[in-house]
Amino acid sequence: MISKISHVSVYVLNQDSAYDFYVNKLGFQVATDAPMGPGMRWLTVTPPEQPDIEITLMPIVSGMMFDDESAEQMRNLVKRGTFGFGVFQCNDIYATYEELKAKGVEFTKVPKEEFYGIEALFKDDSGNWFSLGQKQ
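Residues numbered from 1 in each chain as written. Predicted model: local features only at pLDDT ≥ 70, side-chain atom pairs only at ≥ 80, totals over all residues. Heavy atoms only, no water.

Colleague: Mind laying out the packing of aromatic side chains, listing which residues take part and the relevant values?
Modeller: On inspection of all chains with the given rule, the structure shows 13 aromatic pairs. Measuring from ring centre to ring centre gives 5.7 Å for Phe107 and Phe122, while their planes differ by 55°; the resulting arrangement is tilted. Remark: Phe122 occurs in strand 7 (residues 117-123) and Phe107 occurs in strand 6 (residues 106-114); sequence separation between them is 15 residues. Of the two residues, Phe107 and Phe122, both sit in the buried class. An aromatic cluster is built from Phe21, Tyr22, Phe28, Phe88, Tyr97, Phe107, Phe122 and Phe130, whose rings are joined through pairwise contacts. (Phe/Tyr/Trp six-rings, centres within 6.5 Å; stacked < 30°, edge-to-face > 60°. Helix = DSSP H or I, 4+ residues; strand = E, 2+ residues; numbered from the N terminus. Buried < 20%, exposed > 50% of the residue type's maximum accessible area, 1.4 Å probe, protein only.)

Given below as structure tokens:
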């Protein structure tokens, strides 16, 4: 029986840029940054308080997973913000919002009280969008 999940993937347009975004803007920690053959890299990050789940910053390239046409379609979906989505939690959404905004994170929704808590929305540097939430 499956007991837990250890890795999830976020498709990114450029791993170097994604590294900068997730580590230097969001404050995530690098778990693994290792070469995986010619031109390939296994790059995972973790939220500071959740080191047991790794987010794989997966480049969209032709090869093992995608043929040329599929890779191009995926890149377009990610760029338009129509593919990736995730939910991150924080303890003080207003302070976190101001901190991330000051670091250049693009928000599409300022913190707002909703029936499920307080939520803001932002995009990563590839176009994936995320909910930033605080439970009330």
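What follows picks up the thread again.
Colleague: I'd like a rundown of the side chain of Thr46, residues and numbers included.
Modeller: Summarising the element assignment, Thr46 is placed in strand 3 (residues 41-46). In this structure Thr46 touches Phe28, Gln29, Ala31, Pro51, Ile53 and Glu54, once residues within four positions along its chain are discounted. (Contact = heavy atoms within 4.5 Å.)

Colleague: With reference to specific residues and values, describe the sheet that holds strand 7.
Modeller: Strand order in the open sheet formed by four strands is 5-8-7-6, with mixed pairing between adjacent strands. Both outer strands of the open sheet, strand 5 (85-89) and strand 6, are each paired with one neighbouring strand and no more. Across the sheet, the axes of successive neighbouring strands diverge by a mean angle of 20°, strand direction being ignored. Examined bridge by bridge, strand 6 and strand 7 share six bridges and lie antiparallel to one another. The partner of Lys112 across the bridge, within strand 7, is Glu119. Relative to the sheet, helix 3 (residues 93-102) contacts strand 6, strand 7 and strand 8 (129-134), its axis offset from that of strand 6 by approximately 170°. (Pairing = 2+ DSSP bridges. Axes fitted to C-alpha atoms, helices over the stretch in contact; angles between N-to-C directions.)

Colleague: Please set out helix 1 (residues 15-25) residue by residue, giving values where relevant.
Modeller: An α-helix turns once every 3.6 residues. As a result, residues three or four positions apart point the same way. Here helix 1 has its buried residues at Gln15, Ala18, Phe21, Tyr22 and Val23. Taken together, the buried residues of helix 1 touch strand 1 (7-12), strand 2 (29-35), strand 3, strand 4 (54-59), strand 7 and strand 8. Two or three places before Asp16, at the start of helix 1, stands the capping residue Asn14, its side-chain oxygen 2.9 Å from that residue's backbone nitrogen. In the segment just after helix 1, Gly27 is the residue with positive phi, at about 85°. (Polar contact = N/O pair within 3.5 Å; in protein donor to acceptor, adjacent residues only side chain to side chain.)

Colleague: Run through the environment of Pro111, naming residues and quoting values.
Modeller: On the secondary structure map, Pro111 appears in strand 6. For Pro111, a relative accessible area of 15% gives the class buried. Pro111 sits 31 residues away from Arg80 along the chain, and the two C-alpha atoms are 22 Å apart. Discounting chain neighbours no more than four positions away, the residues touching Pro111 are Ile93, Tyr94, Tyr97, Ile118, Glu119 and Ala120.

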